[in-house]
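What the coordinates show
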Amino acid sequence: MHAFIQGLILGLLTAGVYALMASGQTLIFGIMNVINLAQGAMVILSAYISYQLFKSFGIDPFLAIPIVTVGMFVIGVAVQLLFLRPLKREDRAELSLLVTFAIALLIEGIMSITWKTNYRSINTSYANSSWTVFGYQITLVRLWACVLSLVALGLLYVLLNKTRFGRAVRATVQNPESARLLGVESDRVAALGFGLGSATAAAAGSVYGLLYAFYPGSHYDLISLLLSIVVLGGLGSIGGAMVGAVVVSTSSAIVASTISPAWSAMTFFVILIVVLVVRPRGLFGSTARGAI
Amino acid sequence: MTDLKQLRRSLAVLGGIGVVAVVVAGCASSSGGGSSKSNSKGPLVIGASVSLTGDFSDSGKAVKRGYDLWASTVNANGGVLGRKVQMKIVDDASSTTQVVTNYQNLINKDHVNLTFGPFSTLLTIPASRVAKRYGYAFLAPAGGGPDVFKQNLDNFFFVQPAPTTQSGNVFANWILSLPAADQPKTAAYAELDDPFSAPIAESLRAKFEAAGIRTVYKQVYPAETQDLSPVMAALVAKKPDMIIGGTQSNDAYAQVKSLVQLKYSPKFMYQSNGANDPLNYPDKVGAKNTEGIMSAADWFPGSTAVGSAAFTAAYIKAYGGTAQQVDDSSAEAYSVGQLIEAVAKKTGKIDNATIIKSLHSGTWQTLLGSLSWSANGSPSGEFNLVQWQKSALVPVFPTTIAKATPQHPKPNWGG
């Protein structure tokens, strides 16, 4: 029972980080109908930038998040303008898979040249700290990561629901043609939306570097995880991404701690298949666009 | 009709490709093992596939450093039988398919004179088969899991004191040499699903269970497991006296970090690999958390084995750092070169057949001590038990090589 509850705690705390990564993925799909296979690479790139800021200037990874976020936002906008905007609108959904995978490989190559291929990890003075609550360990980094993720997701919610930009995004998501007729510059919204999706990778990447050792090829494991989360939650739904992240993270952690880590991935995929059989659009997916 | 013509044309083209392939393969196989004879006055070209990227890249790079260092040292002394050594090292990205392609290219395309082994059992198995096919001696500085020796290849030599699965024996010998009151009563095993890692832990488990040390937890985790916290949480719930990690590198770091976070420090902790890497281990787990952790090593700073002092000095000169930071994978790779030199010196020849025949008899001195092999390439010595004490990795057992007394119980984590 102790292992089960400790696994549940670990799963819930890690879910926040997964949700943050996946929210960018689902946001980009919602706005542009693009499945961004480079999201995992962007998370790892953010982890490397955070690592470098910590190593060279002693900047704490949590404090580095605003700097990394701005950097990743700019990179995201540039990627959209340079690689995705030139695609024809009718071919964008299919071709974007190839283009974003190529971007992922490009980012991986740049990381390999810049930081080599050794495993890196960010070891702050508090990286291994934890609190004991009723005999269970609450890892400080995971707790802060979870809180940070909830704050970031809250800000994303405010941005999408309470601002003019957010209304433009939601209008573009729900009906791009009508939005354009009403004066929304959909190309601009798409670029900013892709930048925003990349910016969520920044916060997630900084935290990822604190939790796990990483190397340039780490993004392959991440992207399959992120795609599973957004498909489970429903493509285009940020709420769905959060629920998907909780399901993935807790089921993996509980199965790993009580049965075997060899079964944890399989257990999750069984859940995913059952959900997709019963509800092909995912938990919170909508038949119409606009689940955001 | 047009389709039939196209079909005939396609078959003709395929037939042509087949003929060319047979001719090329024939040329290639005839040039393989005999290339050293046909080019006996030129440089001695030695090919090796090493993991410079991917899962084994930390250790792979250490192997490369060892090969390169031996080549530059031997060249500075006039080469092997007057021939300058030229290393041709290619990256296999820790991939079992790439390693096969690499050795086929090294032998058939680059016509290297000799081949040295890659890192890990996973890659050594397919690589040694390629070498056997072309009659090349295959000296491997790493990759001594049981499956390697089951191949019964006469061209294979594992250049370490003992097969990998037996590397933990020295830890078992030490534990069982302690007074009964000091011995652990319970043990937990967390093992990476890898032919190099899990068998070591399993070998220890068999010995400890036979000695009455109760197993309270055992888990094998897949190589792709990113987060080991749930596994370690389940292990900690059993409160074992002793934790045995059948580890490589990244999972060894993750085990320690999880245990520190879970605030559980066992009385004894042994990790099969990772903890014996003086360069990366303190950086990844935090120097304060290394204290008391044990591992096995075949080479250590201050060793009095043949060429050890010269190797250490040359290593520091070439790569910087201190003797404490020399990875034993580099020493193992360097020893492979020492053996080639020794065979050349003893026989006056340096072809693959001579190397294979020579190494199958007698005892050979290297940085790792005296080495000898059985017919399947399995070495017959024993590893040394090393322990982290005051941020340095020191040999503690057997007493003949010990430079400090083994510290137990393991101190608490530094945080």
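Every chain begins its residue count from 1, and numbering advances along the sequence as written. Whichever chain is written first becomes A and whichever ligand is written first becomes 1, with later ones labelled in order. Reporting in this predicted model follows two pLDDT cut-offs: at least 70 for local features of residues, and 80 or more for side-chain atom pairs to be given and counted; totals over whole chains, interfaces and linings ignore these cut-offs and use all residues. Only hydrogens and water are set aside when side-chain values are computed; all heavy atoms of the structure are taken into account.

The helix count covers DSSP runs of H or I at least four residues long, the strand count covers runs of E at least two residues long, and both are numbered beginning at the N terminus. The secondary structure content of chain A amounts to 11 helices and 2 strands. Written out in order from the N terminus, the α and β elements of chain A read α-α-α-α-β-β-α-α-α-α-α-α-α. Here the C-alpha radius of gyration of chain A, 19 Å, is about what a compact globule of 292 residues would show, namely 19 Å. Across its three principal directions, the C-alpha atoms of chain A cover 60 × 50 × 35 Å. Contacts spanning at least 24 positions in sequence make up 79% of the contacts within chain A whose residues lie at least 6 apart. Only the protein chains shown count as covering a residue, and every accessible area follows the Shrake-Rupley method with a 1.4 Å probe. Working note: accessible area of chain A is about 12,200 Å², and carbon and sulfur atoms make up 70% of it. For chain A, the separation between the mean place of its 17 positive charges and that of its 9 negative charges on side chains is 8 Å. Atoms counted for the radius of gyration: C-alpha only. Globule rule: 2.2 Å times residue count to the power 0.38. Contact criterion: two residues are considered in contact whenever any of their non-hydrogen atoms come within 4.5 Å of each other. None of His or the chain ends enter the tally, which takes Lys and Arg as positive and Asp and Glu as negative. Charged groups are reduced to one reference atom each: NZ for lysine, CZ for arginine, CG for aspartic acid, CD for glutamic acid.

For the rest of this paragraph, the subject is the packing of helix α2 (residues 39–57) of chain A against helix α3 (residues 61–84) of chain A. Residue and element names in this part refer to chain A. Where α2 contacts α3, the two axes come as close as 9 Å, and the packing angle between them is 135°. Considered as vectors, α2 and α3 are oriented oblique to each other. For the pair α2 and α3, the sense of crossing is right-handed. Residue-level inspection shows M42, L45, S46, I49, S50, L53 and F54 of α2 in contact with α3, the latter providing P61, A64, I67, V68, M72, I75 and V79. Across the contact of α2 with α3, the residue classes break down as 12 nonpolar, 2 polar and no charged. For helices, the axis comes from a line fit to the C-alpha atoms of the stretch in contact; other axes are also lines fit to C-alpha atoms, and the angle between any two N-to-C directions lies between 0 and 180 degrees. By the definition adopted for this analysis, an angle is roughly parallel if under 35 degrees, roughly antiparallel if over 145, roughly perpendicular if from 65 to 115, and oblique otherwise. Left-handed describes a crossing whose near helix is turned anticlockwise from the far helix by less than a right angle; the clockwise case is right-handed. Amino acids outside the nonpolar list (Ala, Val, Leu, Ile, Met, Phe, Trp, Tyr, Cys, Pro) and the charged list (Asp, Glu, Lys, Arg) are all regarded as polar, and Gly is one of them.

Moving on, we come to empty space enclosed by the protein. All names here are of chain B. Each cavity reported here is a set of points on a 1 Å grid over the protein atoms alone in which a 1.4 Å probe fits but cannot get out, each pocket an open set with protein on both sides within 12 Å along at least five of seven lines, and each lining residue one with an atom within 4 Å of a point. Grid points are joined across faces, edges and corners, and a volume is the space filled by probe spheres set on the points. Scanning all chains against the criterion turns up 3 cavities of 30 Å³ or more. In this model, the largest cavity occupies a volume close to 220 Å³. Along its surface, the largest cavity is lined by 20 residues, and F196, N273, N276, D328 and E332 are the ones closest to its centre. Examining the composition of the lining of the largest cavity, we find that 3 residues originate from one element, helix α13 (residues 328–347), more than from any other. Class assignment for the residues of the lining of the largest cavity results in 5 nonpolar, 11 polar and 4 charged. Segmentation into domains, and thus their bounds, comes from an automatic or database assignment. Two domains each donate at least three residues to the lining of the largest cavity, and these are domain 1 (42–164 + 303–371) and domain 2 (166–298 + 384–397). Every residue lining the second largest cavity is counted, 13 residues in all, and those nearest its centre are P278, W299, F300, P301 and L393. The residue makeup of the lining of the second largest cavity includes at least three contributed by each of domain 1 (42–164 + 303–371) and domain 2 (166–298 + 384–397).

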